[in-house]
Amino acid sequence: MIADNLQRVRARISDACVASGRSPGSVALLAVSKTFGSDAVRAAHAAGQIAFGENYIQEAVEKIAALTDLPLQWHCIGPIQSNKTRLVAEHFDWVHSVDRLKIAQRLSEQRPAGKNPLQICLQVNIDGGANKAGIPPEAALELALQIQSLPNLQLRGLMTIPEPAADFAAACAVHAIARQLFDALNASGLALDTLSMGMTADLEAAIHSGSTMVRVGSAIFGARTYPNPV
Ligand SMILES: *Cc1c(COP(=O)(O)O)cnc(C)c1O
């Protein structure tokens, strides 16, 4: 079932690329395995999936430990408290949810010697939700420049989680704001290659507006049976 679902998601991604005149290889798929066990990850890996996203650090660390026999790539996409940065620095390959300098500094200091630099995206609050995680768009350049100067981190791009939109056009409009910010940062001298946006419900709109990585959970693994504890 997971293999079939993955096949369908890959087809959605390539159809969306073709529909917007993009190359099907230009959008990466991150399989969001939060709340699902290591068996589900194994099944997805057997169907060719390498990159997995997790929100809850403790849950992720246990899963990662149970799967060290597979060559997987782990992305942290959930909120990070200061007291969890060491676990993140030790166990993950990517972090999409950096939204303040202090967290980045701790990740940099705590990245074990000998590991590749941790790959970083800044989480941007693109639609201005009052209680939402993420930096305001106008703060992105300054934080990006600060993070670029830290050792053991490699700044790759931006991540967004917009509110559900009313329809395709509305979703595209919000994602387009993120893409404009991404392009503006690159025009200011950054070399970002990753725009992490789009989930099960809105991946077509995100790809239409220039996403380079979609994060898909329920369309691959099924509905989650326990809610987000955040
Ligand atoms: C859960 C989650 C996803 C995947 O959501 P689906 O709607 O199940 O595809 C993507 N990104 C983040 C940050 C998430 O927390």
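First things first, this report covers the structure right here in the doc. (Residues numbered from 1 in each chain as written. Predicted model: local features only at pLDDT ≥ 70, side-chain atom pairs only at ≥ 80, totals over all residues. Heavy atoms only, no water.)

What follows is about the pattern of salt bridges. When the charged atoms of two side chains lie near each other, side chains of opposite charge can form a pair. Taken as a whole and assessed by the stated rule, the structure comprises nine salt bridges. Between Glu54 and Lys63 there is a salt bridge, and its shortest N-O distance comes to 2.7 Å. Of the charged contacts, one joins Asp193 and Arg156 as a salt bridge, the two residues approaching to 2.9 Å between their closest N and O atoms. Highlighted residues: Asp193 in the loop between helix H7 (168-187) and strand S7 (194-196) and Arg156 in strand S6 (residues 153-159), separated in sequence by 37 residues. Its relative accessible area of 41% is what places Asp193 among the partly exposed residues. We classify Arg156 as buried; its relative accessible area is 18%. Each of the salt bridges in this network shares a partner with another, and the network as a whole consists of Glu54, Glu59 and Lys63. (Salt bridge = Lys/Arg side-chain N within 4 Å of Asp/Glu carboxyl O. Helix = DSSP H or I, 4+ residues; strand = E, 2+ residues; numbered from the N terminus. Buried < 20%, exposed > 50% of the residue type's maximum accessible area, 1.4 Å probe, protein only.)

In this section: the site of the ligand. Looking at the ligand, the residues that line it are Val32, Lys34, Asn55, Ile77, Ile161, Met199, Thr200, Arg215, Val216, Gly217, Ser218 and Arg224. Arg215 places a polar side-chain atom, nitrogen or oxygen, 2.9 Å from a nitrogen atom of the ligand. Within the contact set of the ligand, an oxygen atom lies 2.8 Å away from a backbone nitrogen or oxygen of Gly217. Considering the ligand on its own, with 390 Å² of exposed area, one finds that the protein chains cover 90% of that surface. (Near = heavy atom within 4 Å. Polar contact = N/O pair within 3.5 Å; in protein donor to acceptor, adjacent residues only side chain to side chain. Areas by Shrake-Rupley, 256 points an atom, 1.4 Å probe, with all protein chains shown as cover.)

As a further point, take the state of the cysteines. Simply put, the disulfide is a covalent bond whose two ends are the sulfur atoms of two cysteines. Using the criterion set out here, one finds zero disulfides in the structure. Free of any disulfide, Cys76 has its nearest cysteine sulfur in Cys121, 11 Å distant. With a relative accessible area of 0%, Cys76 lands in the buried category. (Disulfide = S-S within 2.5 Å.)

The next point concerns the pairing of strand S8 (residues 213-216). Burial of the side chains of S8 extends over both faces: Met213 and Arg215 are buried on one face and Val214 and Val216 on the other. Pairing analysis gives four bridges linking strand S1 (residues 28-32) to S8, with the strands arranged parallel. Paired with Leu29 across the two strands is Val214, which belongs to S8. (Pairing = 2+ DSSP bridges.)

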